[in-house]
Amino acid sequence: MTQPQKPPKEVVVKLGDVQFVVPPGARVKDAAAAAGIEIPALKVDPATCKGCQMCVKVCETGAISGNKKEPHAIDQSLCIRCGECLARCKTGSIVPA
Ligand code: SF4
Ligand code: SF4
């Protein structure tokens, strides 16, 4: 399994009513913890997901699946709540479950 690349630049992650900044190269979970936020169970909003597959590429556990250009889904039994997918989704489609 290849290691997912960390975001090369600062990313602002919106998570429900809260948001936090992920510095370049930082783990999303660590950045969230620094802001006092625990990554909750996550799901994909099928109404806005573009099926770009960016989230799939950074998910270490293979929890996200879906066909290109179609809404994706997160398998809760595989998700370890690392939050890396949150920093990659440009449409804000990954939301609290
Ligand atoms: S939070 Fe879950 S779905 Fe998202 S990258 Fe981490 S393991 Fe995968
Ligand atoms: S990164 Fe966002 S828009 Fe792209 S497939 Fe994943 S959830 Fe959908």
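Structure shown above.
Attention here is on the structure that accompanies the text. (Residues numbered from 1 in each chain as written. Chains lettered and ligands numbered in written order. Predicted model: local features only at pLDDT ≥ 70, side-chain atom pairs only at ≥ 80, totals over all residues.)

## Examining unusual backbone geometry
If a residue is not glycine, its phi is most likely negative; likewise, a peptide bond is most likely trans. With a phi close to 65°, K69 is a non-glycine residue in the positive phi region. With respect to the helices and strands, K69 occurs in the loop between β4 (64-65) and β5 (73-74). The class for K69 is exposed, based on 10 C-beta atoms found within 10 Å. (Helix = DSSP H or I, 4+ residues; strand = E, 2+ residues; numbered from the N terminus. Buried ≥ 20, exposed ≤ 12 C-beta atoms within 10 Å, placed from the backbone.)

## Here's the deal with the pairing of strand β2 (residues 18-22)
Both strand β1 (residues 11-15) and β2 contribute to a ladder of 5 bridges, which runs antiparallel. Residue pairing in the sheet places L15 in a bridge with V18 of β2. In this structure, the hairpin formed by β1 and β2 is closed by a connection of 2 residues, where G16 is found at a positive phi of approximately 60°. (Pairing = 2+ DSSP bridges.)

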